[in-house]
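Structural overview for review
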Amino acid sequence: MYVLLFFFFSSRKIEYANESSCDYSDGKWVRDERGPLYNGTSKYCKMKKNQNCIANGRPNTEYLYWRWKPNDDCNLPRFDPSTFLQLIRNRHVAFVGDSVARNQIESLICMLGSNNDDDSSKPKRLYHKGSRKWNILSHNANLSFYWSPFLVRGDMRSQKGPHYNTIYLDHVNERWARDLDEMDMVVISLGHWFDVPSIYYVGGSISSCLKLPQLGYCNHHVNDFYDPLRQALRVALNTIIEAKATKGDKLDVIVRTYSPSHFEGEWNKGGTCLKDKPYEDGEKKVEGMDAEIRRIEMEEVEIVKEKAKEFGGLIRLEIMDVTKLALLRPDGHPGPYTNPFPFASKIVQNDCVHWCLPGPIDTWNEILLEIMKKLVLHSKAE
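Residues numbered from 1 in each chain as written. Predicted model: local features only at pLDDT ≥ 70, side-chain atom pairs only at ≥ 80, totals over all residues. Heavy atoms only, no water.

1. Focus: the packing of aromatic side chains
Given two aromatic rings, their pairing is described by the distance between the two centres and the angle made by the two planes. Rules: Two rings from Phe, Tyr or Trp (for Trp, the six-membered ring) form a pair when their centres sit within 6.5 Å of each other. Planes less than 30 degrees apart are called stacked, planes more than 60 degrees apart edge-to-face, and all others tilted. The way it works is that DSSP assigns letters per residue, a run of H or I at least four long becomes a helix, a run of E at least two long becomes a strand, and they are numbered from the N terminus. Counting as a charge over the ring demands two things of the Lys NZ or Arg CZ atom: a distance within 6 Å of the ring centre and an angle within 35 degrees of the ring normal.
If you walk through the whole model with that rule in mind, you get eight aromatic pairs. Taken together, a centroid distance of 6.4 Å and an interplanar angle of 35 degrees make the contact between Phe194 and Phe225 tilted. Linking Phe194 in the loop between strand 11 (185-188) and strand 12 (198-202) with Phe225 in the loop between strand 14 (221-222) and helix 4 (226-244), this pair joins segments that are 31 residues apart in sequence. An aromatic cluster of three or more residues is present, and its members are Phe150, Phe194, Phe225 and Tyr226. Over the aromatic face of Trp66 sits the side chain of Arg31, whose NZ or CZ is 5.1 Å from the ring centroid. The ring of Trp134 is capped by Arg125, whose NZ or CZ atom sits 5.5 Å from the centre of that ring.

Right, here's the structure in full:
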């Protein structure tokens with residue numbers, strides 16, 4: 001059943017479509033000749049240069065003309081910047097995660113910059129120790145991105161330092177947790193930095209190691225990273241509950257599911273992603289590692305939802321399930337077009353993890369907006 005409701009924010013009327021049975025996680029990509037809301041030339045669209053695929057010379061722009069069509073009678077509306085701004089008035093929305101989370105908020109900044117209102121409604125970058133932060137003056141709203149690829153405390157492997165991650169599974173990353181009091185909504189995600197050699201610590205001691213058989217001082221070697229990932233997500237969610245609910249503060253938490261990569265071949269050995277159109281529905285299935293990470297995320301959110309009930313609805317949790325719609329878009333990555341002269345070097349490094357801007361990742365923010373509408377509807381009904 002399709003129910004149409006209207007609410008008023010300030011002097012602007014906003015339409016909310018409540019499709020209670022709509023599942024945005026399942027569907028197919030269909031052609032949309034309207035194209036994206038923005039391009040990479042606007043002064044309000046600040047993105048990492050590696051994701052500005054058109055400016056870097058990508059010749060095929062067909063990837064820009066698709067939209068996500070959920071199954072059944074569901075509809076995913078086109079992103080409306082004005083509606084999003086009204087929903088974050090007087091609020092702070094934080095994105096916490098790795099470079100794919102940064103990819104999403106940069107998409108959001110560009111989408112918000114496409115509105116036709118005056119400059120005060122455009123996101124402006126602010127200095128903030130510990131995060132990237134933007135302010136929208138007209139709505140007294142803030143957006144931020146906190147780099148935290150494990151959600152918990154940890155050090156990533158690097159070319160100059162250790163060739164493995166060091167992850168403390170029982171200590172949340174204070175980089176973002178210390179600012180929880182300032183947040184009204186947090187979008188968290190994880191995954192891509194876990195599938196590399198790692199040493200895991202619990203209680204100050206090594207608990208296990210992944211892909212490090214040569215380490216003689218590690219007594220327990222694990223075959224996969226699924227349990228550590230689950231522990232990290234659980235610690236992050238429990239920290240949020242304890243920090244906010246015990247103080248009587250409200251917070252909306254959205255867990256964005258894993259975004260699959262599309263390397264054909266190994267990423268560091270010439271792997272590419274050269275497909276120029278989406279997979280058709282049924283051509284590719286969510287399976288293997290992609291399915292397992294998604295399953296863990298779904299399960300942990302349901303567990304924490306039960307815990308949150310003890311606090312009378314102060315903490316609301318939602319899943320933003322993008323795994324399938326991302327899986328079906330092998331054409332949406334920068335590939336070799338991460339700089340203006342990608343073929344000037346003999347060795348071409350392809351990026352098949354992040355997403356072109358504009359590109360398929362813009363759809364994630366359309367789904368985010370619909371989740372935010374639903375949360376408002378629930379608030380009004382209570």
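2. Side note on the sheet that holds strand 7 (residues 132-136)
Put simply, the test is: Note: two strands are recorded as paired if DSSP finds a minimum of 2 bridges between them. Structural elements are reduced to axes, namely lines fitted to C-alpha atoms, with helices fitted over the stretch in contact, and the angle between N-to-C directions of any two is expressed from 0 to 180 degrees. Any two residues whose heavy atoms approach within 4.5 Å are treated as being in contact.
Spatial strand order, 6-7-8-5-11-15-16: seven strands in an open sheet with mixed pairing. Edge positions in the open sheet fall to strand 6 (124-126) and strand 16 (315-320), since each of these has one partner strand only. The mean angle between the axes of side-by-side strands here comes to 20 degrees, regardless of whether they run parallel or antiparallel. Examined bridge by bridge, strand 5 (residues 92-97) and strand 8 (residues 141-147) share six bridges and lie parallel to one another. By the bridge assignment, Val93 is partnered in strand 8 with Leu143. Of the strands in this sheet, strand 5, strand 7, strand 8, strand 15 (251-256) and strand 16 touch helix 2 (residues 99-112), which is tilted by about 155 degrees from strand 8. Taken strand by strand, helix 4 contacts strand 11, strand 15 and strand 16, and its axis lies near 170 degrees from that of strand 15.

3. Re the side chain of Ser107
Keep this limit in mind: The rule is simple: take the accessible area with a 1.4 Å probe, protein chains only, and divide by the maximum for that residue type; under 20% is buried, over 50% is exposed, in between is partly exposed. Polar contacts, as used here, are pairs of N or O atoms within 3.5 Å; protein pairs need one atom able to donate a hydrogen and one able to accept it. Residues neighboring in sequence count only if both atoms are side-chain atoms.
With respect to the helices and strands, Ser107 occurs in helix 2. Assessed through its relative accessible area of 0%, Ser107 is described here as buried. Here Asn365 takes part through its side chain, which lies 3.0 Å from a polar atom of the side chain of Ser107. Once residues within four sequence positions are removed from consideration, Ser107 is found in contact with Tyr38, Leu357, Ile361, Asp362 and Asn365.

4. Considerations on the nonpolar core
Applied cut-off: Only buried residues count toward a nonpolar core. Its members are Ala, Val, Leu, Ile, Met, Phe, Trp, Tyr and Cys residues joined through side-chain atoms within 4.5 Å.
Core analysis: the biggest nonpolar cluster contains 50 residues, and Phe84, Ile88, Phe95, Leu143, Met320, Trp364 and Leu368 have the highest contact counts within it. At the level of secondary structure, the elements contributing two or more residues to this core comprise helix 1 (81-87), strand 5, helix 2, strand 7, strand 8, strand 11, helix 6 (323-327) and helix 7 (362-381). Filtering out sequence-adjacent residues up to four positions away, Ile88 remains in contact with Val93, Ile136, His139, Ala141, Leu143 and Met372. One finds Tyr200, Phe225, Val255 and Leu317 within the second-largest nonpolar core, a separate group that totals 44 residues.

5. Here we look at the confidence of the model for the protein chain
For clarity, the cut-off: Residue-level confidence of the predictor, termed pLDDT, takes values from 0 up to 100.
Residues with a pLDDT of 70 or more make up 93% of the protein chain, whose mean pLDDT is 91. A low-confidence stretch, residues 1-12 (pLDDT under 50), is modelled with 33 contacts involving residues beyond four sequence positions or located in other chains.

6. Remarks on the pattern of salt bridges
Applicable threshold: For this document, the term salt bridge refers to a Lys or Arg side-chain nitrogen within 4 Å of an Asp or Glu carboxyl oxygen.
On inspection of all chains with the given rule, the structure shows 23 salt bridges. Lys247 serves as the salt-bridge partner of Asp181, at 3.1 Å between the closest nitrogen and oxygen. Highlighted residues: Asp181 in the loop between helix 3 (174-177) and strand 11 and Lys247 in the loop between helix 4 and strand 15, separated in sequence by 66 residues. Taking the relative accessible area as the measure of exposure, Asp181 reaches 47% and is therefore partly exposed. Judged by its relative accessible area of 52%, Lys247 falls in the exposed class. The closest approach of N and O atoms between Lys324 and Asp281, which form a salt bridge, is 3.0 Å. Here Lys324 is found in helix 6, whereas its partner Asp281 is found in the loop between strand 15 and helix 5 (288-308), with 43 residues between them in sequence.

7. Examining the UniProt feature "domain: Trichome birefringence-like C-terminal" (unreviewed entry) in the protein chain
As a reminder, the rule being used: UniProt positions are given in the numbering used here, feature names are shortened, and annotations may be inferred rather than shown by experiment.
Per the UniProt annotation, the sites labelled "domain: Trichome birefringence-like C-terminal" (unreviewed entry) are residues 76-370. Secondary structure over residues 76-370 splits into 27% helix and 21% strand, and the C-alpha atoms at its two ends are 8 Å apart.

8. A short note on the state of the cysteines
Convention followed: Any pair of cysteine sulfurs within 2.5 Å is marked as a disulfide.
On inspection of all chains with the given rule, the structure shows four disulfides. Each sulfur of the disulfide joining Cys45 and Cys110 lies 2.0 Å from the other. Its S-S torsion of about 85 degrees marks the bond between Cys45 and Cys110 as right-handed, since a negative value means left-handed. Separated by 65 residues along the polypeptide, Cys45 in the loop between strand 3 (27-31) and strand 4 (66-70) and Cys110 in helix 2 bring together distant segments of the chain. Take Cys110: its relative accessible area is 2%, and that puts it in the buried class. Here Cys209 engages in a disulfide with Cys218; their sulfurs sit 2.1 Å apart. Here Cys209 and Cys218 share a disulfide; its torsion about the S-S bond, 120 degrees, makes the bridge right-handed. Described in terms of the sequence order of its bonded cysteines, the disulfide pattern of the protein chain is 1-3, 2-8, 4-5, 6-7.

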